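Listed here are the chains, written in short residue letters.
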Amino acid sequence: MTIERPMFPPQEIETVEPYATPDSFCETLVRIERLGSCRRLVFAVTERGDPCRPMRAVVAKLVVPAELMSELAQMIAADRPEPGAAFARLPVNAVAN
């Protein structure tokens, strides 16, 4: 005997910001690192200290599931106004593997 569960539409996941998350200005994406099933995007700005030796300072590192990378690229290219839509569709345990 099989028990069938009713199909319900996925619930909208509420996004909260429990503490002030600072913005980080970035000039460039300097590298993408593999972390198992995730990718770490490393962002930097150019330091203007020594004019003979310009340097880049890392200001932010963002770790996301690898399967999200193509959707992020499409959202950036299309300049879609709905930030967070891609993340909202991920299952809660998306990075557990």
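Residues numbered from 1 in each chain as written. Predicted model: local features only at pLDDT ≥ 70, side-chain atom pairs only at ≥ 80, totals over all residues. Heavy atoms only, no water.

As a further point, take the overall build of the protein. Broken down by element type, the protein carries 2 helices and 3 strands. Across the 97 residues in the protein, those meeting the buried criterion constitute 15%. Partitioning the contacts of the protein with sequence separation of at least 6, the portion at a separation of at least 24 is 29%. As presented, the protein carries roughly 8,500 Å² of accessible surface, and 56% of it is formed by carbon and sulfur atoms. (Helix = DSSP H or I, 4+ residues; strand = E, 2+ residues; numbered from the N terminus. Buried < 20%, exposed > 50% of the residue type's maximum accessible area, 1.4 Å probe, protein only. Contact = heavy atoms within 4.5 Å. Areas by Shrake-Rupley, 256 points an atom, 1.4 Å probe, with all protein chains shown as cover.)

Overall, the predicted model of the protein reaches an average pLDDT of 79, with 71% of residues at or above 70. Looking at the elements of the protein, mean pLDDT is at its lowest for helix α2 (residues 85-88), recorded as 55, and at its highest for strand β1 (residues 28-35), recorded as 94. (pLDDT = per-residue confidence, 0-100.)

Its location among the elements puts R39 in strand β2 (residues 38-47). Look at R39: it is buried, it has no salt bridge, and the nearest opposite charge is E67 at 7.8 Å. Here G36 takes part through its backbone oxygen, which lies 3.2 Å from a polar atom of the side chain of R39. Residues contacting R39, with those up to four places away along its chain left out, are I32, E33, R34, L62, V63, V64, A66 and M69. (Lys, Arg positive; Asp, Glu negative; His and termini not counted. Salt bridge = Lys/Arg side-chain N within 4 Å of Asp/Glu carboxyl O. Polar contact = N/O pair within 3.5 Å; in protein donor to acceptor, adjacent residues only side chain to side chain.)

We now examine the pairing of β2. Summarising the sheet, β1 and β2 pair through 7 bridges and their orientation is antiparallel. Residue L35 lies in a different strand from β2, and its bridge partner there is C38. (Pairing = 2+ DSSP bridges.)

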